[in-house]
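# Observations on the model geometry
In case you want the letters, here they are:
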Number of protein chains: 2
Amino acid sequence: MHTDELTTQQKIKYVQDTLYVIAGKWKLPIMIAISFGHSRFREIQRAVPDITPKILSKELKELKTNKLVMRKVYDTYPITVEYTVSSYCKSLKPVVDEMINWGQNHRVKVAE
Amino acid sequence: MHTDELTTQQKIKYVQDTLYVIAGKWKLPIMIAISFGHSRFREIQRAVPDITPKILSKELKELKTNKLVMRKVYDTYPITVEYTVSSYCKSLKPVVDEMINWGQNHRVKVAE
DNA sequence: GATACCAGTTTCCCAAAGGATACCAACTAT
DNA sequence: ATAGTTGGTATCCTTTGGGAAACTGGTATC
């Protein structure tokens, strides 16, 4: 909100904190996929192009550790695992929306 | 703007494009430092905590290649090099502002 | 009986990112 | 003379991120 009142160093610190959470090629894509209804492991894998199960598994663990996604196991017959995003993860929406916007315009710009 | 009309896969694509540009620990901090008036090499180095000259040099080259920052050399006696951000870089402001915001609230949350 | 789905794990590997330390030439202030 | 400033380079090293391929055990389908 009051970003104009911060020093350069404070802004850098906050941005680095945010970068630390969303860093890497896959964390945001995975969170986007889950938040749009892809809750099962294979569903997420299909929704996020080119991700391997090993990477997906590792990233999901990290996201769970950082309280960004939740994992629920249902004791059904084939066994069902459901991933959902936390409200904390949802608070990233403004950041993600701006990134989607910028990426979209970036594509347009590059295509010119 | 019309992010609601995009498919999950398109959103993921755009976010990955954006991530690709701002990826890494240092690119955004450097751009922030420059955009807030730290235009000289050593100034930037002082403004961005813990960055080494080698990393700074490398990142500045990449940012210059991607048209995000400009480099001007003045033929003065100690020699003066001035870095400025491009208007393209300035278009990232909404993204960065949201990241500053989120990082700030994140700190508050962690401190609770 | 063979194949496919589920949710992953295991192993082995490579490239890129990042960091520590030292150094350079030219100039200036003490 | 000595130390500090300027804008960087050079060398070496460790960490991390990511990827390919195969495999697991249980169930369900063809």
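Residues numbered from 1 in each chain as written. Chains lettered and ligands numbered in written order. Predicted model: local features only at pLDDT ≥ 70, side-chain atom pairs only at ≥ 80, totals over all residues. Heavy atoms only, no water.

### Section: the overall build of chain A
Rules: Helix and strand assignments follow DSSP, with helices taken as H or I runs no shorter than four residues and strands as E runs no shorter than two, numbered in order from the N terminus. Within these notes, the globule rule equals 2.2 Å times the number of residues to the 0.38 power, and the radius of gyration is based on C-alpha atoms. In this scheme, a residue with accessible area under 20% of its type's maximum is buried, one over 50% is exposed, and one in between is partly exposed, where area comes from a 1.4 Å probe on protein chains only. Contact criterion: two residues are considered in contact whenever any of their non-hydrogen atoms come within 4.5 Å of each other. Only the protein chains shown count as covering a residue, and every accessible area follows the Shrake-Rupley method with a 1.4 Å probe. Residues scored as charged are limited to Lys and Arg (positive) and Asp and Glu (negative), so that His and the chain ends carry no count. We put the charge of a Lys on NZ, of an Arg on CZ, of an Asp on CG and of a Glu on CD.
Along chain A, the regular secondary structure elements total 6 helices and 2 strands. Ordered by position from N to C terminus, the α and β elements of chain A give α-α-α-α-β-β-α-α. A globule of 112 residues ought to have a C-alpha radius of gyration of about 13 Å, yet chain A, at 17 Å, is considerably larger. Expressed as lengths along the three principal axes of its C-alpha atoms, the size of chain A is roughly 55 × 35 × 20 Å. Here chain A, with 112 residues, has 43% of them falling under the buried criterion. For chain A, restricting intrachain contacts to residue pairs at least 6 apart in sequence, the fraction spanning at least 24 positions comes to 40%. Carbon and sulfur atoms make up 54% of the accessible area of chain A, which amounts to about 6700 Å² in all. Considering chain A, the positive charge centre built from 18 side chains and the negative charge centre built from 12 side chains are found 7 Å apart.

### Focus: helix α1 (residues 8-22) of chain B
Definition in use: What a helix should span is 1.5 Å times the count of its residues minus one.
Taking 1.5 Å per residue as the helical rise, α1 of chain B with its 15 residues ought to reach 21 Å, and the 21 Å between its terminal C-alpha atoms agrees with that figure. Just downstream of α1 of chain B, Gly-24 of chain B is the residue with a positive phi angle, here 95 degrees.

### Here we look at the interface of chain B and chain A
The condition is simple: Simply put, the buried area is the total loss of 1.4 Å probe accessible area from both parts when two parts are fitted together. Here a polar contact is recorded for every N or O atom pair within 3.5 Å, except that within protein the pair must consist of a potential hydrogen donor and a potential acceptor, and residues adjacent in sequence are included only if both atoms are side-chain atoms. Residue type decides the class: Asp, Glu, Lys and Arg count as charged, Ala, Val, Leu, Ile, Met, Phe, Trp, Tyr, Cys and Pro as nonpolar, and the leftover types, Gly among them, as polar.
Taken residue by residue, the interface counts 46 residues in chain B and 45 residues in chain A. Of the roughly 4400 Å² buried where chain B meets chain A, counting both sides, 67% is carbon and sulfur surface. It is Tyr-88, Met-99 and Trp-102 of chain B in chain B that bury the most area against chain A; as a group they hold 15% of the surface buried on that side. Linking chain B with chain A are 12 residue pairs in polar contact (both at pLDDT 80 or more). Taken together, the elements giving at least two residues each to the side of chain B that touches chain A come down to α1, α2 (27-35), α3 (41-47) and α6 (93-111) of chain B. With 14 residues, the top contributor of residues to the side of chain B that touches chain A is α6 of chain B. Here the residues of the side of chain B that touches chain A are counted per class, giving 25 nonpolar, 12 polar and 9 charged.

### A closer look at α2 of chain B
Among the 9 residues of α2 of chain B, 8 are classified as buried, and the element is accordingly described as predominantly covered. Residue Gly-37 of chain B follows α2 of chain B closely and has a positive phi angle near 95 degrees.

### Considering the protein's contact with DNA strand D
Put simply, the test is: One heavy atom suffices: a residue is near a molecule or strand as soon as one of its heavy atoms comes within 4 Å of it.
Close to DNA strand D lie 19 residues, the nearest being Lys-54 of chain A together with Arg-42, Ser-57, Arg-71 and Tyr-83 of chain B. Atoms of DNA strand D within 4 Å of the protein: sugar and phosphate make up 58%, bases the balance. Between Trp-26 of chain A and DNA strand D, the recorded distance is 3.3 Å, taken from a side-chain N or O atom to a phosphate oxygen. Taking Arg-40 of chain B, its side chain carries an N or O atom lying 2.9 Å from a phosphate oxygen of DNA strand D. Looking at the surface near DNA strand D, the elements with two or more residues in it are α4 (53-65) of chain A together with α3, α4 (53-65) and β2 (80-85) of chain B. Tallying contributions element by element places α4 of chain B first for the surface near DNA strand D, with 4 residues. Counted by class, the surface near DNA strand D contains 7 nonpolar, 3 polar and 9 charged residues.

### A word on the packing of α2 of chain B against α4 of chain B
All names here are of chain B. The cut-off we apply is this: To get an axis, a line is fitted to the C-alpha atoms, and for a helix only the part in contact is used. The angle between two axes follows their N-to-C directions and goes from 0 to 180 degrees. Each angle receives one of four descriptions, namely roughly parallel if under 35 degrees, roughly antiparallel if over 145, roughly perpendicular if within 65 to 115, and oblique otherwise.
Interaxial distance between α2 and α4 falls to 10 Å at its minimum, and their mutual angle equals 80 degrees. The orientation of α2 with respect to α4, classified from their angle, is roughly perpendicular. Contacts from Lys-27, Ile-30, Met-31 and Ile-34 in α2 reach Leu-56, Glu-59, Leu-60, Glu-62 and Leu-63 in α4. Class assignment of the residues belonging to the contact of α2 with α4 gives a composition of 6 nonpolar, no polar and 3 charged.

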